[in-house]
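Here is how the chains run, residue by residue.
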Amino acid sequence: MKRILSVLMSMILALSVTTIAAEPEKEYVCSEWAAESIERALWVGLLDTEKNDDYMGEISRFDFCELIFRLVIQTPFFTQWYEENADTGSETFYFGEKFFNDCEDDFIYFLHDIGIVHGKTETEFAPNDNLTREEAAAIIIRMIDKVSPMEATELWYAYADVDEISDWALHSVQKISNLGFMNGVGDNKFAPNDTYTTEQAVATIVRVFDANILQWTVAFIKKDAGELGYVYENDTWNYVTYDLATGRRVTPLDVNKDTFKPLDYENFAADNKSVYFMAHKIEDADPATFQVIDDTGQMRYAKDKNFVYIYLENDGIMKVFGADPATFEVLAFPYAKDKNDAYNGCLPLYVDDVTKFEVVESGSGWTRISYPDSFLTTVVNSEEIAKYNNEKYGFIDSGVLYSEQGKAKTEKLVYEGYRLVQDNR
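Everything numeric in this text was worked out from a predicted model, so none of it was measured.

### Looking at the overall build of the protein
Inference 1: Check the secondary structure of the protein and you find 10 helices and 21 strands.
Inference 2: When each of the 425 residues of the protein is scored for burial, the buried share is 47%.
Inference 3: A sequence separation of at least 24 residues applies to 56% of the contacts in the protein between residues at least 6 apart.

See below:
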């Protein structure tokens, strides 16, 4: 790690960069809305304190790539790349061919080699050309996909000028809009061919940085955390986690150590009597028939011969109330159904005809875990919603997992989230 930091410092000096920026006291020109993002970028080393006094001007392809590079070198991706590729006997880090006739900078070739940026032609990078908004979107999405993949919703942004977006940039424009890192410019337009200003670029990159920094920090520290998950040590099975607040946390498990084994499904294990999710025993679960049936979405599902279970990737697991394991099927988020009823998360919807149930609009992935003292009361709900929850789900005496997003219907009933909003019976 010391060697990596040494090389990073040489790279930073070559870029005239101060990684840990001094308190930004210099005067610079920017729009009022951008001031906070610029100061944040100066503090975390995304900007050179000696450059860019005027942030309202258009940003060049060179300066935007430098901004991207400053972010990339702060990621676990770069640490791993360096360990695998860099020559530890040199103070430089790029040894490949330099083929652009208008650019010699190592960091440009590094970004090109890992697929984040492209030249205007095979021999010209055009570093001084101004950057367009669609170029910025494409570069940022390629960077995200390469160094820190993020899932986006499939919502289609029907921009009024969608026909002006280049085919090669369309996917990136849609994804970056869904992620919320870039938005339209007004009048439902994306303005793909407009130039991007430095302050706009900085604000966007700061959003990306802040959306990932905790994840990256944990990833760096976890390298020294040792084995995680189900670990056999000190003559017992344990569930081991790591977080910044407590470090490595070891939870001994009360299991039959002779029959206990981690399952093929992440965060699940079983012995001859019980099934476990992370460090918790799943009540009533049957180890002989337990299986995960969907582990791809935010709401994830498992079942055994008696029950259907719903869980989040790294959070609580609970039964789907009344669900039939034999006929249960997962629909678009947040809905599912079996032969008897439809469900939002773990909540039954009490539909009139499950054969006519269909999802009209999928939710974007926002999920809630709630408990009776909040779900059934006005602590977090309006009086109207609390009344509805009590009438439908007053039997609940444990946690519930559901979403208020999504729309579904039968021929006579209409649902928004888990609530019935129209009854035509």
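Once you've had a look at it, read on.
### Some remarks on the packing of aromatic side chains
Inference 1: Under the counting rule described, the total for this entry stands at 34 aromatic pairs.
Inference 2: Their ring planes at 40° and their centres at 5.9 Å tell us that F375 and Y418 sit as a pair that is tilted. Placement of the pair is F375 in helix α9 (residues 372-375) and Y418 in the loop between β20 (413-416) and β21 (419-423), with a sequence separation of 43 residues. Exposure class is identical for F375 and Y418. Each is buried.
Inference 3: Among the aromatic residues, those joined into a ring-pair cluster are F321, Y350, F375, Y388, Y393, F395, Y402 and Y418.

### Focus on the packing of helix α6 (residues 133-147) against helix α7 (residues 167-179)
Inference 1: The geometry of α6 relative to α7 is characterised by a closest axis approach of 8 Å and an angle of 70° between their N-to-C directions. Taken as axis vectors, α6 and α7 run roughly perpendicular relative to one another. Residues E134, E135, A137, A138, I140, I141, I144 and D145 of α6 lie in contact with α7, whose contacting residues are W168, A169, S172, V173, K175, I176 and L179.

### A short note on the environment of G394
Inference 1: Here G394 lies in the loop between α10 (383-393) and β18 (400-402).
Inference 2: Take G394: its relative accessible area is 43%, and that puts it in the partly exposed class.
Inference 3: Each C-alpha atom of the pair G394 and F375 lies 9.6 Å from the other, and the pair is 19 residues apart in sequence.

### Focus on the nonpolar core
Inference 1: Ranked by size, the top nonpolar core spans 60 residues in total, and within it I68, V72, L111 and I116 carry the most contacts.
Inference 2: Counting only elements with at least two residues in this core, the list comes to α2 (35-43), α3 (61-72), α4 (76-85), α5 (106-113), α6, α7 and α8 (198-222).
Inference 3: Not counting chain neighbours up to four residues away, the residues in contact with L111 comprise C65, I68, F69, V72, I116 and V117.
Inference 4: Judged by nonpolar contacts, the second largest core, of 34 residues, contains C346, L347, I396 and L420.

### Let's talk about the side chain of R70
Inference 1: The topology assignment puts R70 in helix α3.
Inference 2: Reaching out from R70, the side chain makes a polar contact with the backbone oxygen of G45 at a distance of 3.3 Å.

### Regarding the pairing of β21
Inference 1: Note: β20 against β21, four bridges, orientation antiparallel. Following the sheet pairing, L413 is matched in β21 by D423.
Inference 2: A loop of two residues connects β20 with β21, the two strands running antiparallel in sequence, and G417 in this loop sits at a positive phi of about 65°.

Cut-offs and rules
- Residues numbered from 1 in each chain as written.
- Predicted model: local features only at pLDDT ≥ 70, side-chain atom pairs only at ≥ 80, totals over all residues.
- Heavy atoms only, no water.
- Helix = DSSP H or I, 4+ residues; strand = E, 2+ residues; numbered from the N terminus.
- Buried < 20%, exposed > 50% of the residue type's maximum accessible area, 1.4 Å probe, protein only.
- Contact = heavy atoms within 4.5 Å.
- Phe/Tyr/Trp six-rings, centres within 6.5 Å; stacked < 30°, edge-to-face > 60°.
- Axes fitted to C-alpha atoms, helices over the stretch in contact; angles between N-to-C directions.
- Parallel < 35°, antiparallel > 145°, perpendicular 65-115°, else oblique.
- Core = buried A, V, L, I, M, F, W, Y, C linked by side-chain atoms within 4.5 Å.
- Polar contact = N/O pair within 3.5 Å; in protein donor to acceptor, adjacent residues only side chain to side chain.
- Pairing = 2+ DSSP bridges.

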